[in-house]
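Given next are the chains, with one letter for each unit.
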Amino acid sequence: MRPSLPSAAALAAAATALAAATALAVLPGTAYAAQSPGTSSFTISDPRIKESSGLAASRIHPGVYWTHNDSDDGPYVYAVDSATGSTVARVTLTGIGRPRDVEAISLGPDGQLYVGDIGDNRGGTWDHVWIYRFQEPRQLGDVTVKAAQFTVRYEDGPRNAESLMVHPVTGRVYIASKDESRGGLYEGPAQLSAGADNVFRRVADVPWVTDGAFSPDGSRLTLRGYFTARTYPWKDGRPVGEGERVDAPWQGQAESVTYAADGSTLMFGSEGASSRVVAVPAAAAPSPGGSASPQPGSPPDAATSQEPTGSFGKGALVLAGGLALVFAAKRLFRRRARD
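Residues numbered from 1 in each chain as written. Predicted model: local features only at pLDDT ≥ 70, side-chain atom pairs only at ≥ 80, totals over all residues. Heavy atoms only, no water.

This paragraph deals with the overall build of the chain. Each helix and strand in the chain was counted, giving 3 helices and 22 strands. Burial status across the chain gives 45% buried among its 339 residues. Expressed as a percentage of contacts within the chain between residues at least 6 apart in sequence, the contacts between residues at least 24 apart total 54%. When the accessible surface of the chain is split by element, carbon and sulfur atoms take 53% of a total near 16200 Å². (Helix = DSSP H or I, 4+ residues; strand = E, 2+ residues; numbered from the N terminus. Buried < 20%, exposed > 50% of the residue type's maximum accessible area, 1.4 Å probe, protein only. Contact = heavy atoms within 4.5 Å. Areas by Shrake-Rupley, 256 points an atom, 1.4 Å probe, with all protein chains shown as cover.)

Following this line, the structure appears as structure tokens:
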């Protein structure tokens, strides 16, 4: 007997649900990556970039990341398209001295890129370091720009550092020193001055840090080292508590971290030719109250939820629902056929 119209409709609905479930289960996260450029891992293919030591996500060029070499390269900053791994712009900085040990890059709320020439491999013997600042180009392509140069000194004396972070709301600049036992987070003045030394003062203790980044809304600070990374709530100009551990990837020379432009993902980079930038879901910062913490990348209430998390878990649930619809439709079809 020909099935009635309700049975055919049920079968069609079940087939559609099953197809959607299969796509979710087999290709977790691909839909989200397509909707949010710059949230997937990629490899830097430019042979000129051999010591990528900093990362900053562009806000005006979706999916583009700014980076630079550590040293012995010159006054250059590169824009890399994460969709292809190819360089789409090289900016040559003028108006500055010869870079000494460039270690970090960050994008401020004013749309300007801040480059930290703050490394000191001599163990903290240089009495000053520099920050360079220039407007992020509106058009991508090789260009020469004049940058502002700022002299930086630390209130408690010279030190080595590899992390420079500009708060995306206040525009204040922070530097994290790199020291195994006594690392510190240093706060710059409210406004950097090109005509005088900018004294950075210690405001918090931090672990061994090779880079750091604020979340786009300024509510979190993530710091990474060679082996670990942690995300801290940011309140009243300070990191709060012990932070939440982030599942940072193992990288031979773990040098950089930044947030994707939409804040959903942390991007971890390293030095070396054809270096890999690895995307990791960004965890919400733990609350200072000490409540149960979710796993990295899970929703804020995941600590108390018993539901599966992640795209695979959601895909599995949809797949189960789709199969249930198919079986129910088949039973309905057979019952009406007997009638």
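Picking up where we left off.
In this section: the sheet that holds strand 22 (residues 276-281). Sheets are built from strands that pair by backbone hydrogen bonding, the pairs being arranged parallel or antiparallel. Ordered by their spatial adjacency, 4 strands build an open sheet running 1-22-21-20, and the pairing between neighbours is antiparallel. Looking at strand neighbours, the two that pair on one side only are strand 1 (42-43) and strand 20 (254-259), the edges of this open sheet. With 5 bridges connecting them, strand 20 and strand 21 (residues 265-270) associate as antiparallel partners. Bridge pairing in strand 21 places Thr258 opposite Met267. (Pairing = 2+ DSSP bridges.)

So, about empty space enclosed by the protein. If you walk through the whole model with that rule in mind, you get 2 cavities of 30 Å³ or more. There is about 40 Å³ of room inside the largest cavity. Surrounding the largest cavity, His68, Gly74, Pro75, Tyr76, Val77, Leu93, Ile96, Pro99, Val102, Val115 and Tyr132 form its lining. Of the residues in the lining of the largest cavity, the class split is 9 nonpolar, 2 polar and no charged. Quantified by volume, the second largest cavity comes out at close to 40 Å³. What lines the second largest cavity is Pro37, Gly38, Ala57, Ser58, Gly63, Val64, Tyr65 and Ala261. (1 Å grid on protein atoms, 1.4 Å probe; cavity = no way out; pocket = protein on both sides within 12 Å on 5 of 7 lines; lining within 4 Å. Points joined across faces, edges and corners; volume = space filled by probe spheres on them. Nonpolar A, V, L, I, M, F, W, Y, C, P; charged D, E, K, R; others polar.)

Under the definition given, this model contains 11 salt bridges. Residue Arg202 is joined to Asp205 by a salt bridge in which the shortest nitrogen-to-oxygen separation is 3.0 Å. The exposed category is assigned to Asp205, whose relative accessible area is 63%. By sharing partners, the salt bridges in this structure join Arg172, Glu187, Arg201 and Arg238 into a single network. (Salt bridge = Lys/Arg side-chain N within 4 Å of Asp/Glu carboxyl O.)

Read from one edge to the other, the open sheet built from 5 strands follows the order 2-3-4-5-9, with strand pairing classed as mixed. In this open sheet, the two strands that pair with only one neighbour each are strand 2 (56-57) and strand 9 (143-146). When strand 2 meets strand 3 (residues 64-67), the two strands line up antiparallel, connected through 2 bridges. Bridge pairing in strand 3 links Ala56 to Trp66.

The next subject is the environment of Asp127. Within the fold, Asp127 resides in the loop between strand 7 (112-117) and strand 8 (129-135). What Asp127 contacts, discounting residues up to four positions off in sequence, is Val152, Arg153 and Pro158. Polar side-chain contacts of Asp127 include one of 2.7 Å to the side chain of His128. (Polar contact = N/O pair within 3.5 Å; in protein donor to acceptor, adjacent residues only side chain to side chain.)

This brings us to the environment of Lys235. Structurally, the position occupied by Lys235 is in strand 17 (residues 229-235). Classification of Lys235 by relative accessible area gives exposed; the value is 52%. Put simply, Lys235 and Gly218 are 17 residues apart on the chain and 9.2 Å apart in space, counted from C-alpha to C-alpha.

Among the nonpolar cores identified, the biggest contains 19 residues, and Trp66, Val77, Leu93 and Phe134 are the most heavily contacted of them. The set of elements that each furnish at least two residues to this core consists of strand 3, strand 4 (76-81), strand 5 (86-94), strand 6 (104-107), strand 7 and strand 8. Discounting chain neighbours no more than four positions away, the residues touching Val77 are Trp66, Thr67, Ala89, Arg90, Val91, Leu93, Ile105, Val115 and Phe134. In terms of nonpolar packing, the next biggest core, distinct from the first, is built from 16 residues, Tyr154, Ala161, Val166 and Phe200 among them. (Core = buried A, V, L, I, M, F, W, Y, C linked by side-chain atoms within 4.5 Å.)

This brings us to the pairing of strand 14 (residues 198-205). Where strand 10 (residues 148-154) meets strand 14, 3 bridges bridge the pair, whose relative direction is parallel. For Tyr154, the partnering residue across the bridge sits in strand 14 and is Phe200.

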